[in-house]
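# Breakdown of the fold
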Amino acid sequence: MDETAVKRPSGRGRFISFEGGEGSGKSTQIKKLAERLAAARLRAIVTREPGGSPGAEIIRHLVLSGMGKLLGPDAETLLFAAARDDHVRSVIRPALNQGTWVLCDRFSDSTRVYQGKLGQVSPGILNAMQRVTIGDLKPDLTIVLDVPVEIGLTRAAARRGDAAPDRFEAEDLKFHQDLREAYRQIAAEDPRRCVLIDATADPDTVAAHVWTALRDHLFAMTSPTPSA
Ligand code: Z5A
């Protein structure tokens, strides 16, 4: 890709979310993309959900400990929404408004998948929460990293070592298979925003596909087409 293309002034920063199942490599790929954007002299922040702001990190601790699950699916969804509200207001919107790119490890698709498709929380609740927390904000590009469940869980277990699995890692195999399917479906339904990437290859190969997705989706949007 012509890296001068990413330096075109465009006002608002770009918002890129990374989604996928456990161990799909989101954190690894976000780090690589951040390094590449920095090399292209683009201001970018890396953040995550749940979390990303001091208030939201407290809620992250709560939900990943399993406390939210005890309250039931609707209340657990409200916890994710409260975290997102703080994160969007205090980190994401200010950064985008200053022209900084935001690379976010999970965003609203995670709620659609984990709470909606798998947790059976009603579309009414999800839509209401979305209106309150993000309004019309949506990622310019969502990278969906796709790996067979066995590979993702093996990677996640290897990284975790002796530590106990968190609230979602502890779910059964069917949960993780349904999760993968739900993400594939979201990517298929919204091809203008989402790119499904096979994340079974080595990290550098996956990173090359992520970069191609940026070129095809974001720079097609910003046109004019960069000269070679
Ligand atoms: N959740 C929700 O329910 N509702 C919501 O609205 C939101 C979230 C926002 C957050 O977990 C949980 O919250 C999440 C959904 C739920 N479920 N879970 N669990 P988290 O942030 O703690 O974890 P995660 O988002 O699932 O990410 P992860 O498990 O940490 O994985 P990852 O970031 O996708 O992967 P990684 O850390 O980059 O890589 C994992 C390991 O694999 C690591 O050792 C790497 O070195 C290795 N790796 C990475 N890429 C490769 C390749 N290509 N080949 C070989 N090895 C690799």
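Residues numbered from 1 in each chain as written. Predicted model: local features only at pLDDT ≥ 70, side-chain atom pairs only at ≥ 80, totals over all residues. Heavy atoms only, no water.

### A closer look at the nonpolar core
Under the convention used in this document: Among buried residues, the Ala, Val, Leu, Ile, Met, Phe, Trp, Tyr and Cys ones that are joined through side-chain atoms within 4.5 Å form a nonpolar core. Whether a residue is buried, partly exposed or exposed follows from its accessible area with a 1.4 Å probe, protein chains only, as a fraction of its type maximum: under 20%, in between, or over 50%, in that order. Secondary structure elements are taken from DSSP: a helix is a run of H or I of four residues or more, a strand is a run of E of two residues or more, and numbering for both begins at the N terminus. A contact between two residues is defined here by any heavy atoms of the two lying within 4.5 Å.
Core analysis: the biggest nonpolar cluster contains 23 residues, and Ile16, Leu33, Ile143 and Leu214 have the highest contact counts within it. Of all elements in the fold, only strand 1 (15-20), helix 1 (26-39), strand 3 (101-105), strand 4 (141-146), strand 5 (194-198) and helix 9 (203-222) reach the threshold of two or more residues within this core. Ranked by the residues each element gives to this core, the list is headed by helix 9, at seven residues. Ile16 has contacts with Leu33, Trp101, Val102, Leu103, Cys104, Leu141, Ile143, Leu214 and Leu218, leaving out every residue within four places of it along the chain. Ranked by size, the runner-up nonpolar core spans 18 residues in total, among them Ala83, Val113, Leu118 and Cys194.

### Considering helix 8 (residues 173-189)
Heads up, the rule is: The span one expects for a helix is its residue count, reduced by one, times 1.5 Å. The arc in question is formed by the directions pointing from the helix axis toward the C-beta atoms.
Over its 17 residues, helix 8 runs 25 Å from end to end, which matches the ideal 24 Å to within 8%, given 1.5 Å per residue. Taken as a whole, helix 8 has its buried residues at Phe175, His176, Leu179, Ala182, Tyr183, Ile186 and Ala187. Along helix 8, the residues classed as buried sweep out an arc of 135° about the axis, all on the same side. Exposed and facing more than 90 degrees away from the buried side of helix 8 are Lys174, Ala188 and Glu189. Tucked into the core, helix 8 has its buried residues touching strand 1, helix 5 (108-118), strand 4, helix 7 (149-160) and strand 5.

### Comments concerning the sheet that holds strand 1
Quick reminder of the rule: Here a strand pair is declared whenever DSSP counts at least two bridges between the two strands. Here an axis means a line fitted to C-alpha atoms, over the contact stretch when the element is a helix, while the angle between two N-to-C directions is reported on a 0 to 180 degree scale.
Strand order in the open sheet formed by five strands is 2-3-1-4-5, with parallel pairing between adjacent strands. With partners counted over all chains shown, the strands left at the sheet margins are strand 2 (44-48) and strand 5, one partner each. Going across the sheet, the axis of each strand differs from the next one's by a mean of 20°, ignoring polarity. Across five bridges, strand 2 lies against strand 3 in parallel orientation. Paired with Arg48 across the two strands is Asp105, which belongs to strand 3.

### Section: the state of the cysteines
Here is the rule: We call a pair of cysteine sulfur atoms a disulfide when they lie within 2.5 Å.
On inspection of all chains with the given rule, the structure shows zero disulfides. Cys194 provides the cysteine sulfur closest to Cys104, a residue in no disulfide bond, and the two sulfurs are 14 Å apart. A relative accessible area of 0% places Cys104 in the buried class.

### Here we look at the pattern of salt bridges
The test is simple: By definition, a salt bridge exists where a carboxyl oxygen of Asp or Glu is found within 4 Å of a side-chain nitrogen of Lys or Arg.
If you walk through the whole model with that rule in mind, you get 18 salt bridges. For Glu19, the salt bridge goes to Arg106, with nearest N and O atoms at 3.9 Å. Taken as a pair, Glu19 in strand 1 and Arg106 in the loop between strand 3 and helix 5 lie far apart in primary sequence, 87 residues in all. When the shortest N-O distance is used, the salt bridge between Lys174 and Asp178 registers 2.6 Å. Of this pair, Lys174 and Asp178 both sit in helix 8, separated by four residues, roughly a single helical turn. Bridged by salt links that share partners, the residues Lys69, Glu76, Arg167 and Glu171 form one connected network.

### Notes on the site of the ligand
Threshold: Near residues are defined by distance, with any heavy atom within 4 Å of the molecule or strand qualifying the residue. We call two N or O atoms a polar contact when they sit within 3.5 Å, provided that within protein one can donate a hydrogen and the other can accept it, with sequence-adjacent residues counted only if both atoms are side-chain atoms. Here the Shrake-Rupley method, with its probe set to 1.4 Å, supplies the accessible areas, and only the displayed protein chains count as covering residues.
Close to the ligand lie 27 residues, the nearest being Glu22, Ser27, Thr28, Arg106 and Arg159. Note that a nitrogen atom of the ligand is positioned 2.4 Å from one of the side-chain N or O atoms of Glu22. Surface burial for the ligand is 85%, taken as the share of its 1,100 Å² of free accessible area covered by protein chains. Those elements that place two or more of their residues in the shell around the ligand are helix 1, helix 2 (54-64), helix 4 (73-97), helix 5 and helix 7.

### Focus: unusual backbone geometry
Note: most peptide bonds trans; most residues except glycine with negative phi. Here the bond from Glu49 into Pro50 is cis, since omega is -10°, no more than 30 degrees from zero. Note that Pro50 resides in the loop between strand 2 and helix 2. At Gln120, a position not held by glycine, the phi torsion is positive, near 60°. Within the secondary structure, Gln120 is located in the loop between helix 5 and helix 6 (123-133).

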